[in-house]
Amino acid sequence: MRVLGVEGTAWCASAAVFDAETDAVFIESDPYEPDSGGIHPREAAEHMGDAIPRVIETALGHAREEYDDRGDDEPPVDAVAFSRGPGLGPCLRVVATAARALAQTLGVPLVGVNHMVAHLEIGRHRAGFDSPVCLNASGANAHLLGFHDGRYRVLGETMDTGVGNALDKFTRHVGWSHPGGPKIEAHAADGEFVELPYVVKGMDFSFSGIMSAAKDAYDDGVPVEDVCFALQEHVFAMLTEVAERALSLTGTDELVLGGGVGQNARLREMLASMCEERGARFHAPEPRFLRDNAGMIAVLGAKMAAAGDTVAVADSAIDPDFRPDQVPVTWRSGESVARVPGASDDAADLRGAEATVEVRGDTVAKRRLPKAYRHPELDATLRRERTVAEARLLAAARRAGVPTPLVRDVDVPEATLTMQFVGARDLAAGSTVDHARTVGEHLARLHVAGIVHGDPTTRNARVGRDGAPEDGRLFLIDFGLGFQSDHVEDYAMDLHVFEQSVEGTATDPAPLVAAVEEGYRAVGDDAVLDRLRGVEGRGRYR
Ligand SMILES: C[C@@H](O)[C@H](NC(=O)OP(=O)(O)OC[C@H]1O[C@@H](n2cnc3c(N)ncnc32)[C@H](O)[C@@H]1O)C(=O)O
Ligand SMILES: Nc1ncnc2c1ncn2[C@@H]1O[C@H](COP(=O)(O)OP(=O)(O)OP(=O)(O)O)[C@@H](O)[C@H]1O
Ligand SMILES: [Fe+2]
């Protein structure tokens, strides 16, 4: 099978030919480079109108020349695949129109590809991995995907802008031309560490605080090299941390990287280091497959076409907000993906994403190990602050009526907390509606007391071995990302993080999510649930 792919969601007008027999990918791209400022949708669409016919012609010419197995009256490819979304509407329309016309002229089927899933699948394809977690670090997006029950689930994502757009906003502020990412990388080579905000909430994260702090630092005269260096160290450490948390939560030991920011050597170095430390395999495709390109569209298009997943021209409307979790994954068998760790009740294997936990009788010693991927200063700050916060909040939560382990000792220099062993298993391996309701009640109790958990996942809720609450109690652990707050937004994020962890791992999450909210409503403030609806609609693939 041979497929022609067309891409043009934002800046890159591109066409490619993928030959499934030889695995060869030919890519012809023509980037839009704005004279000043960021990507302008109308200008970008004009660029597409101009460049798409040209790149398609080059790719088709390549197919005709390279492969002489077909007669002159036969089409040189078996299908035409195009990026259906997400992306800028005016650009998507140009690409879709060209792809439809081409498929009709050649008399071959049309395949509508989700651009974000293509960023993931190209890594899986090139790595030969079975079922990896994927970190998409692109311009307009930043998220973690894992496959579960026939769909890619969003395990974590940005709550505001995409990672590349965040970097580009800083470089615009400094007066550098688009795209900014490569310029940040170049200037960071001469920079030194300065402290910036670091914002991770479970497996979600946000960039707005760090970006405004970076702009302020620059305006205050901090050398731009230092700001660039610090931006990379903070932003990429955040992405690496959430990627590690996703590997830990899903029990997966394969990670692939996708998206244009993935071309950054420091990001790849951090991810490789993290994976090596935990014995996971890591793959970053070569740069031509990381930045926007039609090669990834052609490769996924071929998989979809082989599965019969083609689309009639009449049904091939574009979707600027096309989410990866909307895509029925027709080209993969029902093989397990993001494997839910059934072994999480094994007392010998208590390694979280952040810490190692040693069990001695009824006591556990939780030690936050240094992470080699993080800058030493950032590493020391995070380990210290989280250890102190966890000790303080475990006690405060208990006073608020939420069962937590008793803290027996805190060793700040060693970032070690000694506490009571609680529960026999966590909820990652299975949660009942009653468990879910209780978690909702517990979170509401915390919030009424002004405490935000910060990382309430199914892994961080513990019950008895048979699933019955131990001593009638369901314990919350792991308050290291917690803090005091009286903001409804922070409370809503807590609920969002828990619900997302249920949705990422449960086969039938809906009743569990409903129970969480029912429990929350019984104890807490309805305004938080209202805000939760807002949080869910935000930062999603714009
Ligand atoms: C929807 C689609 O149009 C969009 N595509 C996109 O954003 O282009 P992509 O090629 O994946 O990523 C471009 C981003 O990647 C950044 N970038 C490129 N090289 C970089 C580098 N060496 N370091 C950091 N960022 C880099 C650029 O600054 C820019 O923000 C997306 O995938 O979100
Ligand atoms: N007090 C405790 N009682 C029983 N088991 C515990 C306790 N504290 C931690 N554990 C076990 O150790 C694992 C890791 O602990 P914890 O979640 O606190 O660390 P972490 O590295 O911050 O985890 P993550 O970031 O992956 O959520 C838990 O999933 C749990 O199995
Ligand atoms: Fe992209």
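As shown above, the structure is provided for reference.
Residues numbered from 1 in each chain as written. Chains lettered and ligands numbered in written order. Predicted model: local features only at pLDDT ≥ 70, side-chain atom pairs only at ≥ 80, totals over all residues. Heavy atoms only, no water.

**Focus: the site of ligand 1**
And step 1. Not every one of the 26 residues close to ligand 1 is listed here, only the nearest: T9, S138, N141, D168 and D292.
And step 2. Within the side chain of D168, a nitrogen or oxygen atom sits 2.7 Å from an oxygen atom of ligand 1.
And step 3. For ligand 1, whose unbound accessible area comes to 680 Å², protein coverage reaches 93%.
And step 4. Breaking the shell around ligand 1 down by element, the ones donating at least two residues are α3 (115-127), α4 (163-174) and α5 (181-188).
And step 5. Residue composition of the shell around ligand 1, by class: eight nonpolar, 14 polar and four charged.
And step 6. Looking at which domains feed residues into the shell around ligand 1, each of domain 1 (2-121 + 290-326) and domain 2 (128-284) supplies at least three. (Near = heavy atom within 4 Å. Polar contact = N/O pair within 3.5 Å; in protein donor to acceptor, adjacent residues only side chain to side chain. Areas by Shrake-Rupley, 256 points an atom, 1.4 Å probe, with all protein chains shown as cover. Helix = DSSP H or I, 4+ residues; strand = E, 2+ residues; numbered from the N terminus. Nonpolar A, V, L, I, M, F, W, Y, C, P; charged D, E, K, R; others polar. Domains from an automatic or database assignment.)

**Some words on the pattern of salt bridges**
And step 1. Evaluated as defined, the whole model comprises 37 salt bridges.
And step 2. Two residues, R126 and E286, come together in a salt bridge whose shortest N-O distance is 2.8 Å. With R126 in helix α3 and E286 in the loop between β12 (281-283) and α9 (287-290), this pair connects stretches of sequence that are 160 residues apart.
And step 3. Residue E286 is classed as partly exposed on the basis of its relative accessible area of 36%. (Salt bridge = Lys/Arg side-chain N within 4 Å of Asp/Glu carboxyl O. Buried < 20%, exposed > 50% of the residue type's maximum accessible area, 1.4 Å probe, protein only.)

**Details of the sheet that holds strand β15 (residues 407-411)**
And step 1. One open sheet accounts for four strands, arranged β13-β14-β16-β15; its pairing is antiparallel. With one partner strand each, in any of the chains shown, β13 (355-360) and β15 form the two edges of the open sheet. When strand polarity is set aside, the average angle formed by the axes of neighbouring strands in this sheet is 15 degrees.
And step 2. Contacts from helix α11 (residues 376-399) reach β14 (363-368), β15 and β16 (416-420), with the element oriented near 20 degrees to β16. (Pairing = 2+ DSSP bridges. Axes fitted to C-alpha atoms, helices over the stretch in contact; angles between N-to-C directions. Contact = heavy atoms within 4.5 Å.)

**Observations concerning the pairing of strand β4 (residues 79-85)**
And step 1. Burial analysis of β4 places seven of its seven residues in the buried class, which makes it a mostly covered element.
And step 2. As defined by bridge partners, β4 adjoins strand β5 (residues 110-114) across five bridges and the pair is classed as parallel. Of the residues in β5, the one forming a bridge with F82 is G112.
And step 3. In terms of handedness, the path from β4 via helix α2 (residues 89-106) over to β5 forms a crossover that is right-handed. (Right-handed = clockwise from strand over helix to strand, strands pointing away.)

**Examining the site of ligand 2**
And step 1. Of all residues adjacent to ligand 2, which total 21 residues, the nearest are A353, E354, A355, K366 and D478.
And step 2. Interatomic distance of 2.8 Å between a backbone N/O atom of A353 and an oxygen atom of ligand 2.
And step 3. A distance of 3.1 Å separates an oxygen atom of ligand 2 from a polar side-chain atom of R462.
And step 4. Here ligand 2, which alone exposes 610 Å², has 98% of that area covered by the protein.
And step 5. In terms of residue class, the shell around ligand 2 is made up of ten nonpolar, four polar and seven charged.
And step 6. Structurally, the shell around ligand 2 is a two-domain feature, drawing no fewer than three residues from each of domain 3 (351-420) and domain 4 (425-536).

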